[in-house]
Amino acid sequence: MILQLIITILFTWVALVFVEDSTLSAQKSAAGSKSGIAGTMATHHPKGWQFTMPRGEPLKGRAVFEKYECYDCHEVRGESFPYPTSDPGPELTQMGPLHPREYFTESVIHPDAWVEKKYRSGNGGSKMLDVNDRMTVQELVDLSAYLASLRPPKLAKSVTAVGKVVAVIPQNREIVIAHEEIKGVMDAMTMGYKVSTASQLAGLTAGDSVTFTLDTEKRLIVKIVKVKE
Ligand code: HEC
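Residues numbered from 1 in each chain as written. Predicted model: local features only at pLDDT ≥ 70, side-chain atom pairs only at ≥ 80, totals over all residues.

**Some details on the site of the ligand**
Looking at the ligand, there are 25 residues lining it, with Cys70, Cys73, Gly89, Tyr119 and Ser126 nearest. Put simply, the parts of the chain that give the shell around the ligand at least two residues each are helix H3 (101-109) and helix H4 (137-149). Broken down by element, the shell around the ligand gets its largest block of residues, three residues, from H3. Grouping the constituent residues of the shell around the ligand by class yields 17 nonpolar, four polar and four charged. (Near = placed C-beta within 6 Å. Helix = DSSP H or I, 4+ residues; strand = E, 2+ residues; numbered from the N terminus. Nonpolar A, V, L, I, M, F, W, Y, C, P; charged D, E, K, R; others polar.)

Right under this line is the structure:
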């Protein structure tokens, strides 16, 4: 009885393996002929080939950006374009340093290729304006150059701001300040900052109004004085 069972199982297994094997080899031969084509194609363009855009002129690209009113949806920090009115896409100076020209070309002519989740429209695609039937190739070249040339505007090395002391933590050489907007650097917020020398904290207590100078690169307070009220 048990032997019979074992034999049945063995038979089924052998049969299964055989069937699987024959489908596999059928698939393999199909794939083989496909890879044969790919193999031939590979010999037709240089190894490591990549699509490249001609260099283009960023300044002309800026004019293209204006012409197509890309600023309707995109802020470009440091530029004088009108501020986006509705449904904005990402701010663009952040992106310049991160991508090659060709990435921007693709963003413009094939925006659906890659859409960050939070920007996806109802159908999962991009909400970008379609310009493919209007933009000339030269415009596209220059626009790509412009987008790739964007850099976040340089911050002033140091800025002065006003705020109220929330806490003083001498052992960390730190002070927590609720400050107003520091234009171009950060919004109004409560934040802890290191001070350059511990002696700067002397005489400061929570509730004091202060004026302070911040090194924007190091996020370090280099000077802080109590404001007499
Ligand atoms: C109707 C609003 C709208 C207009 C107009 C628009 N965009 Fe966009 N754009 C978006 C949105 C939304 C995204 C983010 C979704 C995506 O990646 O497609 C985006 C993304 C981008 C990106 C970044 C893509 C990425 O992968 O991060 C670039 C670059 C860009 N747009 C350039 C342009 C240029 C150049 C124009 C003008 C020709 C333009 N956009 C016009 C809405 C718009």
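The discussion continues.
**Thoughts on unusual backbone geometry**
Phi is positive for Arg173, which is not a glycine, with a value near 55°. Relative to the assigned elements, Arg173 resides in the loop between strand S1 (158-169) and strand S2 (174-179). With 17 C-beta atoms counted inside 10 Å, the residue Arg173 sits in the partly exposed group. (Buried ≥ 20, exposed ≤ 12 C-beta atoms within 10 Å, placed from the backbone.)

**Quick word on the nonpolar core**
Formed by 15 residues in total, the largest nonpolar core has its most connected members in Phe65, Leu143, Tyr146 and Leu147. Elements supplying a minimum of two residues to this core: helix H2 (58-67), H3 and H4. For this core, the element with the most residues is H4, which contributes seven residues. The residues contacting Phe65, other than those within four sequence positions of it, are Cys70, Leu143 and Tyr146. Formed by eight residues, the second largest nonpolar core is a distinct cluster that contains Val165, Ile175, Ile177 and Ile224. (Core = buried A, V, L, I, M, F, W, Y, C linked by C-beta atoms within 7 Å. Contact = placed C-beta atoms within 7 Å.)

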